[in-house]
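# Geometric and topological summary
Chain by chain, the residues run as shown.
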Amino acid sequence: MKLKSFLLPALAGIATAGANEQQQQPAEAYMIRQSKTSTTNPPSIPDELARAILLQRLSTPEHPSALGQLPASLAQDESVSYIRQFGKLPRPLFEETDTTAPSQLVIALSGVTDKHNDIKAAISPAPLAFTAPGLSRLPIGAQKTSCAFEQSINPENNKCWKDKTQYLEYDVTKDSTIIAKLGKNLKFLNAQALDGKLETTILLLAPHTPESEAEELRRRDIELDELVMAEEEDQEEDPLATYVPTADSKFNGDTDKPFHAFASSQKPAGVLPACFESRNACASATDGCSGHGQCVDRWEASGSTDAKCFFCHCMSTNETGADGRTGIYHWGGASCRKRDVSTPFWLFAGVSVALVATVTFSIGLLFSVGEEKLPGVIGAGVSRSK
């Protein structure tokens, strides 16, 4: 009897420790890129930041993904540093699309436990980039396709790839063959990365627990409330200057609003007001003055502190045209998005009007001179021959 009373608590403690160990197993992200950057101590980053990095990799201008907020547990500069280190390169500022950017593939494996040592052996050539303590899922649905695994990871297969991103999710407890398929095609993924055609992220998701489900629901509610509050604040400042933050939006450094990690190419909608109440409202509504200027206070020079009037002060930039020539471009408009051609227009129009007036005056002068009668003195010195 005493032996049972001793063994039962011990067995319960071992079971609890095993369950806690399974719950504490972090998610691991392995990245196959062209630049081989290996770290001896991969960082452990918060789940929110890991989720934002993966969504940024899967985001496109046609199908943007909302990233959420920067985690409060890390400094803002450190979070942005991790995004630059593990995220994909941002699109050039003045280009709508980047045709040279590699395609992005994310392969998520769920149901991974300590018993699946063959998974880490299969992906051992891929370097471990970072870990996340409780990342058990991504808020994105995997594409349902009838393509085989070898076809789904090939970006040149237009039948299985409809865009430059692909998200695949497999449960190793239901499909144990996926481990062997992944190890078999790892050389192909490395070759695609070296050629700059494809970047692959292999994500081993953390075990799915009831606590993680509750945490996921709380995270969604918080993000939804914050988005609603941000939209209401923006509508009070400027009803036409609200849009959902995406991975292709510009980072404004404000931790109280959803962050914008990368520059955006979307056009400001509607008629913009002449004045904004704050610098952030001006930058958000005009998309950072389209990268061609900066938001300034109209009354700052006069020293007035009663009223604020922020607007886009457009500047000149050095641009390379379609013909390959580099020149100075002047910009105008409420969001500095329109090219200012007023000076060349007035120069061309002025020269044209002056030239037409000169030609008209010259023709009129010649016509008026030709209409005058010749004097009779010309015939006075001519004598008739006898």
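Our structure is the block above this text.
Predicted model, so just to flag it, every value in this text is computed and none were measured. Residue numbers run consecutively from 1 along every chain, following the written order of its sequence. Whole-chain, interface and lining totals are the exception, using all residues; otherwise, since this is a predicted model, local features are given only for residues with pLDDT of at least 70 and side-chain atom pairs are given and counted only at 80 or more. As a convention, hydrogens and water are excluded, and side-chain values are obtained from all of the structure's heavy atoms.

### Comments concerning the sheet that holds strand E3 (residues 128-132)
In plain terms, the rule: Strands are labelled as partners when DSSP assigns at least two bridges between them. Here a strand is any run of E in DSSP of at least two residues, a helix any run of H or I of at least four, and the numbering for each starts at the N terminus. Axis definition: a line fit to C-alpha positions, over the contact stretch in the case of helices; interaxial angles, taken between N-to-C directions, run 0 to 180 degrees.
With mixed pairing, the five strands of this open sheet are ordered in space as E3-E1-E5-E2-E4. Taken across any chain shown, the strands that pair with only one partner, and hence form the sheet edges, are E3 and strand E4 (165-171). Geometrically, the sheet is characterised by an average inter-axis angle of 15 degrees between neighbouring strands, direction not taken into account. Here strand E1 (residues 27-32) pairs with E3 via four bridges, running antiparallel. Among the inter-strand pairings, Glu28 is bridged to a residue of E3, identified as Thr131.

### Things to note about the state of the cysteines
As a reminder, the rule being used: Cysteine sulfur atoms are paired as a disulfide whenever they come within 2.5 Å of each other.
Overall, the coordinates contain five disulfides when judged by the stated rule. Each disulfide in the protein links cysteines that, numbered along the sequence, combine into the pattern 1-2, 3-7, 4-6, 5-8, 9-10.

### A closer look at the side chain of Asn157
Convention followed: For this analysis, a polar contact is any N or O atom pair within 3.5 Å, provided that within protein one partner can donate a hydrogen and the other can accept it, and provided that sequence-adjacent residues contribute only side-chain to side-chain pairs.
In this structure, Asn157 sits in the loop between helix H5 (149-152) and E4. A polar contact is formed between the side chain of Asn157 and the backbone nitrogen of Lys159, at a distance of 3.1 Å.

### With respect to unusual backbone geometry
Of note, Ser290 is a non-glycine position whose phi angle comes to about 60 degrees, a positive value. Residue placement: Ser290 occurs in the loop between helix H9 (279-286) and strand E6 (293-297). Despite not being glycine, Cys336 has its phi angle at roughly 55 degrees, a positive value. Within the fold, Cys336 resides in the loop between strand E9 (326-332) and strand E10 (338-339).

### Here we look at the sheet that holds E10
Taken together, the three strands give an open sheet; going across it, the order is E8-E9-E10, and neighbouring strands pair in antiparallel fashion. The open sheet terminates on both sides in strands that have one partner only, identified here as strand E8 (316-320) and E10. Two elements, E8 and E9, share five bridges in a ladder whose sense is antiparallel. Counted as the bridge partner of Asn318 is Ile328 from E9.

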